[in-house]
Amino acid sequence: MRTHLVAPAAVSQTTPQVIALTGCWTARGLGERERDLLLQLADRPAPLTVDASGIEALDTAGAWVLHALLSGPRGDGSGLPMQGLPAEFGGLLESVRAHAVAQAHVPVTAVAAAPSGLESAGRAVVSMVEQFLAMLSFIGESAQALVNWLLHPSRIRWRAVLFNLRSAGFDALPIVGLLSFLLGVVVAYQGADQLRQYGANIFVADLVGLSMLREFAPLITAIIVAGRSGSAYAAQIGTMAVTEEIDAMRTLGLAPQELLVLPKVLALVIALPLLTVFADVMGILGGMMMAKTQLDVGFGEFLDRLVKAVSITSYLVGIGKAPVFAAIIVMVGCFQGFRTHGGADSVGRQTTRSVVQSIFLVIVADALFSVAFSLLDL
């Protein structure tokens, strides 16, 4: 088999005023010599004339380099005169030159100025309104799926409910118990000095019992679950959205809310009140131990006073908050997961938003509960 040799593109000076171009001015003929050719021409003293009669072949790559050689400092192709270019190459060079001139006259897009403070605030408000409306739409779709569940109980995915009950409830017992115990210790320890000054050591049971059962136990449990399980919900659904699994569900006629949202809602609505009861017990235990060591209040005395200080209403008030907190955590986590798009960066961003918004809304809901119970004298 015979190999066809390609003469490389070259620039040579035949006379002091004439530069000769020879060889194949193609991608293969140029190779990696484009920069060297441009530097050779730049080193030549003006005035010069380019003799292109020695060009054997020309393609688009060679035409671009040839245009750069002829452009001169103005970049419009009029820097150096050229003669002798074979007629079959003239049309290609003219096309490249016209395109280069057109590109040079394209207006440069101005860099957008940084938005003012008022504009940034307006955009933030619009984004919040848009997200609020999207959240309402998501809640409506989930409510519709719940109605379908109630009308067709056979569609309830009990295995998914039990799995989420274990992962969000049973697996959270150690961290909830430890933090609740330490919180009870802190509450009793902070009140010990003040109660000792007035000889009211026994009232540590009132302090620990009411604070833990009404406020701290349901709130700390909801915050722990929001950071632990709410983030997991957002990451799981967000990953499914990125990998287009949710789109595949809709294509197959499956409702993502029934498969992904409702089992989590049902599981956490059951699990969070039970975790709150466990947090109550551990918080009271921590307060009892601190009362024994700091105030010499025995366990029996503490429990006797606790029964008198804490009514069943106060206990049920704390337990009643838990299902509402559970619904907030699940809906926010799943909603942010469904809003994921793009890649891994979006998954992380939406997961962070789910945790922040869940904790914020849980605290707001707790504050509203406190105001409502105060007005109702509960």
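Explain the overall build of the chain residue by residue, including any values.
The helix and strand inventory of the chain stands at 13 helices and 4 strands. Looking at the 378 residues of the chain, the share that counts as buried comes to 40%. Carbon together with sulfur atoms contributes 65% to the accessible area of the chain, which is approximately 20600 Å² in total.

I'd like to hear about unusual backbone geometry, residue by residue, with values.
Positive phi is not limited to glycine here, since Glu-244 has a value of about 65°. Glu-244 gets classed as exposed once you look at its relative accessible area, which sits at 53%. A positive phi angle is found at Asp-296, which is not glycine, with a value near 55°. Structurally, Asp-296 is set in the loop between helix H10 (256–295) and helix H11 (299–309).

Which residues make up the nonpolar core, and what values do they have?
Ranked by internal contacts, the top residues of the largest apolar core, which has 61 residues, are Val-204, Val-208 and Phe-302. Every element with two or more residues in this core is listed here: helix H5 (117–151), helix H7 (173–197), helix H8 (204–242), helix H9 (245–251), H10, H11, helix H12 (312–338) and helix H13 (344–375). No other element matches the 15 residues that H8 contributes to this core. Leaving out residues up to four positions away in the same chain, Val-208 has contacts with Gly-184, Val-187, Ala-188, Leu-213, Gly-283, Ile-284, Gly-287 and Phe-302.

Pulling in residues and values, what's your account of a nonpolar patch on the surface?
On the surface, Val-125, Val-129, Phe-132, Leu-133, Leu-136 and Ile-139 cluster together into a nonpolar patch covering about 550 Å² of accessible area. Take Val-125: it is sitting in helix H5.

Give me the pattern of salt bridges: which residues, what numbers.
Under the criterion given, the structure shown has 9 salt bridges. Between Arg-250 and Asp-247 there is a salt bridge, with the nearest N and O atoms lying 3.9 Å from each other. Placement of the pair is Arg-250 and Asp-247 together in helix H9, with a separation of 3 residues, close to one helical turn. Judged by its relative accessible area of 42%, Asp-247 is partly exposed.

Give a description of the environment of Ala-7 that names residues and reports values.
Looking at where Ala-7 falls in the secondary structure, it is placed in the segment before strand S1 (10–15). Taking the C-alpha atoms as reference points, Ala-7 and Gly-29, separated by 22 residues in sequence, lie 6.4 Å from one another. The contact partners of Ala-7, leaving out residues within four places of it in the chain, are Gly-23, Cys-24, Gly-29 and Glu-56.

Break down H5 for me, with residues and values.
With 35 residues, H5 extends 51 Å from end C-alpha to end C-alpha; this agrees with the ideal 51 Å at 1.5 Å per step. Listed in full, the buried residues belonging to H5 are Gln-131, Met-135, Phe-138, Ser-142, Ala-145 and Trp-149. The inward-facing, buried residues of H5 abut helix H6 (158–168), H10, H12 and H13.

Before we move on, could you go through the pairing of strand S3 (residues 49–58) and cite the residues and values that matter?
Across 7 bridges, strand S2 (residues 18–25) lies against S3 in parallel orientation. Looking at the pairing, Thr-22 lines up with Gly-54 of S3. Bridging between S3 and strand S4 (residues 82–83) involves 2 bridges; their strand directions are parallel. Residue Val-50 lies in a different strand from S4, and its bridge partner there is Met-82.

Got a sec to walk through the pairing of S2? Specific residues and values, please.
Here S2 lies mainly inside the structure; 7 of its 8 residues are buried. Taken together, the 5 bridges between S1 and S2 define a ladder with antiparallel strand orientation. The residue of S2 that forms the bridge with Gln-13 is Ile-19.

Can you break down the sheet that holds S2 residue by residue, with the values?
Reading across the sheet, the 4 strands line up as S1-S2-S3-S4 and stay open at both edges, with mixed pairing between neighbours. Lying at the two open borders of the sheet, with one neighbouring strand each, are S1 and S4.

How would you explain the confidence of the model for the chain if you had to name every residue and give the values?
Confidence along the chain averages 82 in pLDDT terms, with 88% of residues attaining 70 or more. Under a pLDDT of 50 for its full length, residues 73–78 has, in the predicted model, 10 contacts with residues more than four places off or in other chains.

Give me the lowdown on the packing of H8 against H10, citing residues and values where you can.
Packing of H8 against H10 brings their axes to within 7 Å, and their N-to-C directions diverge by 145°. Crossing hand, H8 versus H10: right-handed.

How would you summarise the packing of aromatic side chains if you had to cite specific residues and measurements?
Here the structure, examined in full by the defined rule, presents 4 aromatic pairs. Arranged with centres 5.8 Å apart and planes meeting at 55°, the rings of Phe-138 and Phe-335 form a pair that is tilted. Linking Phe-138 in helix H5 with Phe-335 in helix H12, this pair joins segments that are 197 residues apart in sequence. Overall, Phe-138 belongs to the buried group, its relative accessible area being 5%. Exposure remark for Phe-335: the relative accessible area of 4% places this residue in the buried category. An aromatic cluster is present here, built from Phe-138, Phe-335 and Phe-338 joined pairwise through their rings.

Definitions and cut-offs
- Residues numbered from 1 in each chain as written.
- Predicted model: local features only at pLDDT ≥ 70, side-chain atom pairs only at ≥ 80, totals over all residues.
- Heavy atoms only, no water.
- Helix = DSSP H or I, 4+ residues; strand = E, 2+ residues; numbered from the N terminus.
- Buried < 20%, exposed > 50% of the residue type's maximum accessible area, 1.4 Å probe, protein only.
- Areas by Shrake-Rupley, 256 points an atom, 1.4 Å probe, with all protein chains shown as cover.
- Core = buried A, V, L, I, M, F, W, Y, C linked by side-chain atoms within 4.5 Å.
- Contact = heavy atoms within 4.5 Å.
- Patch = residues over 30% accessible without salt bridge, like charges linked within 9 Å, V, L, I, M, F, W, Y side chains within 5 Å.
- Salt bridge = Lys/Arg side-chain N within 4 Å of Asp/Glu carboxyl O.
- Expected span 1.5 Å × (residues − 1).
- Pairing = 2+ DSSP bridges.
- pLDDT = per-residue confidence, 0-100.
- Axes fitted to C-alpha atoms, helices over the stretch in contact; angles between N-to-C directions.
- Left-handed = near helix turned anticlockwise from the far one by under 90°.
- Phe/Tyr/Trp six-rings, centres within 6.5 Å; stacked < 30°, edge-to-face > 60°.

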